[in-house]
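Here is how the chains run, residue by residue.
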Amino acid sequence: MIDLRRLVVLAAVALLALGTGMAVASPAKPKRPAVATAVPPPPAPPAEPLPRPKIYLFRGAMGPIFSTGMDRLGEKLTKAGFSADVYEFTICRWVGDRAISSYKESPAPIVLIGHSMGGLCSVVISEMAAKENIPISLVIAIDSAHATGDVPLNVERFINIFMSDSVLGGGDVVAVPGYRGHYASYDLKENSRVTHINIEKSDDIHRQIIEMVTQLPRIPAQSQADAVPLRYLVPANTPVELWDSGVRVPVRTGDTMESIAAARRVPLWTLAQSNSLAENAPLTPGQSIIVPRHLTPPEPAAAMAAPAPAPPPAGRK
């Protein structure tokens, strides 16, 4: 007679062995780790423009008679919506103290523009601000006095418009050693129509100054490391174009002085003077050429201009 209990035990053992064999033959597939979906970071908010600059203008000696161009420039700047005040150079340090106090209370770009002794005053205030670690965004000296000091390190941009043969002005202002800001100097001694008492009255220079001041709060940051100082003797009867500083650009195959000037939209004479080269000097690929630039970077069309075509191989026309 069959033992039912023994039969049940044998059946259980058989089922257990069968299950184990199937498990060995078909191992379970490992679960794939969950992959976190990368979430792109939110776009950075656009950089907010700086506050509108505060502009301080300074007349020269006997300013109400000989520096009236500063008053006209101040009126134009005020009409353009800027805070622009005109002062006598004789209260230079008092105005400097006020400008420094105003900046500490409500920081805003400082612009200093001076004619004759007013140009000297602009540099004096820059030196005062340097001692307080306050930057000066822009200084424009217009035929400042010979005694004008050097441009201190805290000045981000300096433009000197002068006549080197001027007796009343003639300040050939240079920067202190180690200066890394943007610097441009324009000697107008070859222009017979310009004198010390009318150089600050040029409507064209006024227009360019207003454009520069308007751009200051919204220009992209320019690396000071690549800024090359400019010094020009402006040819006679040539309009003054207020460039910001120079920048080095590489020469490509087929480039000439003339083609680079055309691509960058600058007069050929500026390249010749900046690089101490003749206007028709041959160029070598890989060579660098100093080109003047404005506050804003070159337009894409100019920066990306195609190189001049290479000459055809010998024997082909």
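Think of each chain on its own: its residues are numbered from 1, step by step along the sequence as written. pLDDT decides what is reported in this predicted model: residues at 70 or higher carry local features, side-chain atom pairs at 80 or more are listed and counted, and totals for whole chains, interfaces and linings draw on all residues regardless. Based on all heavy atoms of the structure, the side-chain values leave hydrogens and waters out of the count.

A. Focus on the overall build of the protein chain. Strands here are runs of E lasting at least two residues and helices are runs of H or I lasting at least four, both read from the DSSP assignment and numbered beginning at the N terminus. Counting its regular elements, the protein chain contains 9 helices and 9 strands. Exposure is judged per residue with a 1.4 Å probe applied to protein chains only, and the accessible area is read against the type maximum: over 50% gives exposed, under 20% gives buried, and values in between give partly exposed. Counting over 317 residues, the protein chain shows a buried share of 42%. Relative to all contacts within the protein chain whose residues are 6 or more apart in sequence, the contacts with residues 24 or more apart total 75%. Residue burial considers only the protein chains on display, and all accessible areas are found by Shrake-Rupley using a 1.4 Å probe. Accessible area of the protein chain: about 18,100 Å², with a carbon and sulfur share of 62%. Pairs of residues are marked as contacts when any of their non-hydrogen atoms sit within 4.5 Å.

B. Spotlight on the nonpolar core. Membership of the largest hydrophobic core comes to 48 residues, with the highest contact counts inside it found for I55, L77, I113, I161, Y186, L188 and L242. Broken down by element, this core gets its largest block of residues, 5 residues, from helix α6 (residues 203-215). With residues up to four places along the chain from it excluded, the contact list for Y186 reads I159, N160, I161, F162, Y232, V234, V240, E241, L242 and W243. With 27 residues, the next largest nonpolar core counts Y56, I136, V151 and Y183 among its residues. Throughout, nonpolar core names a set of buried Ala, Val, Leu, Ile, Met, Phe, Trp, Tyr and Cys residues whose side chains join them through atoms within 4.5 Å.

C. Main features of helix α8 (residues 268-275). Most of α8 is tucked away: 6 of the 8 residues are buried. Within α8, burial applies to W269, T270, L271, A272, S274 and N275. Just downstream of α8 lies S276, where phi reads positive at about 55°.

D. Focus on the packing of aromatic side chains. Centres within 6.5 Å are what make two rings of Phe, Tyr or Trp a pair, Trp counting through its six-membered ring; a difference in plane orientation under 30 degrees is then read as stacked, over 60 as edge-to-face, and the rest as tilted. According to the stated counting rule, one finds 8 aromatic pairs in the structure shown. Note on Y232 and W269: the rings are 5.3 Å apart at their centroids and 75° apart in plane angle, and the pair reads as edge-to-face. In this pair, Y232 is assigned in strand β7 (residues 230-233) and W269 in helix α8, connecting sequence segments 37 residues apart. Owing to a relative accessible area of 3%, Y232 belongs among the buried residues under this scheme. Only Lys NZ and Arg CZ are tested; either one counts as a charge over a ring when it is within 6 Å of the ring centre and within 35 degrees of the ring normal. In this structure, R52 is placed above the aromatic ring of F82, and the distance from its NZ or CZ to the ring centre is 4.3 Å.

E. Region of interest: the side chain of E200. When you line up the elements, E200 lands in the loop between β6 (182-187) and α6. N or O atoms closer than or at 3.5 Å make up a polar contact, with two conditions inside protein: a donor-capable atom paired with an acceptor-capable one, and, for residues adjacent in sequence, both atoms drawn from side chains. A distance of 2.6 Å separates polar atoms of two side chains, one belonging to E200 and the other to K201. Dropping the residues within four chain positions of it, E200 is found in contact with F66, S67, T68, G69, M70, H115, I142 and H206.

F. Fine view of the pairing of strand β9 (residues 288-293). The element β9 is largely enclosed, with a buried count of 5 among its 6 residues. Here a strand pair is declared whenever DSSP counts at least two bridges between the two strands. Summarising the sheet, strand β8 (residues 245-250) and β9 pair through 6 bridges and their orientation is antiparallel. Considered in β9, the bridge of S245 is made with R293.

G. Region of interest: the packing of helix α3 (residues 68-79) against α6. Only the stretch in contact is used when a helix axis is fitted, and all axes are lines through C-alpha atoms; the angle between N-to-C directions ranges over 0 to 180 degrees. Packing of α3 against α6 brings their axes to within 10 Å, and their N-to-C directions diverge by 40°. Comparing their axes, α6 and α3 come out oblique. Relative to α6, the crossing made by α3 is right-handed. When α3 is examined against α6, the residues G69, R72, L73, K76 and L77 are found in contact with a partner set consisting of D203, H206, I209 and I210. Amino acid classes used here: Ala, Val, Leu, Ile, Met, Phe, Trp, Tyr, Cys and Pro are nonpolar; Asp, Glu, Lys and Arg are charged; the rest, including Gly, are polar. For the contact of α3 with α6, the residue count by class is 4 nonpolar, 2 polar and 3 charged. Roughly parallel means an angle under 35 degrees; roughly antiparallel means over 145; roughly perpendicular covers 65 to 115; every other angle is labelled oblique. Should the near helix be turned anticlockwise from the far one by less than a right angle, the crossing is termed left-handed; should it be turned clockwise, right-handed.

H. Main features of the pattern of salt bridges. For this document, the term salt bridge refers to a Lys or Arg side-chain nitrogen within 4 Å of an Asp or Glu carboxyl oxygen. This model, assessed by the stated rule, comprises 11 salt bridges. Where K104 meets E132, a salt bridge forms, and the shortest distance between an N and an O atom there is 2.9 Å. On the criterion of sequence distance, the pair formed by K104 in helix α4 (residues 92-105) and E132 in the loop between α5 (117-131) and β4 (138-142) is long-range, its members being 28 residues apart. Through salt bridges with shared partners, a single ionic network connects R59, D71 and E88.

I. Local environment of the sheet that holds β4. A sheet is described by the order of its strands in space; here 7 strands give the open sequence β2-β1-β3-β4-β5-β6-β7, paired in parallel fashion. This sheet does not close on itself; its edge strands, each paired only once, are β2 (83-88) and β7. Across this sheet, the average inter-strand angle for adjacent strands is 10°, counted without regard to direction. Strand direction decides the pairing type here: β6 and β7, joined by 4 bridges, are parallel. Directly across from D187, in β7, lies its bridge partner L233. In the packing of α5 onto the sheet, contacts are made with β1 (54-59), β3 (110-115), β4 and β5 (157-162), and the angle to β3 comes to roughly 150°.

J. The arrangement of a nonpolar patch on the surface in detail. Side chains of M62, I65, F66, V167, L168 and I197 sit close together on the surface and give an oily, nonpolar patch of about 630 Å² of accessible area. The topology assignment puts L168 in the loop between β5 and β6. What goes into a patch is any residue over 30% in relative accessible area without a salt bridge, connected to like charges within 9 Å or, for nonpolar side chains (Val, Leu, Ile, Met, Phe, Trp, Tyr), within 5 Å.

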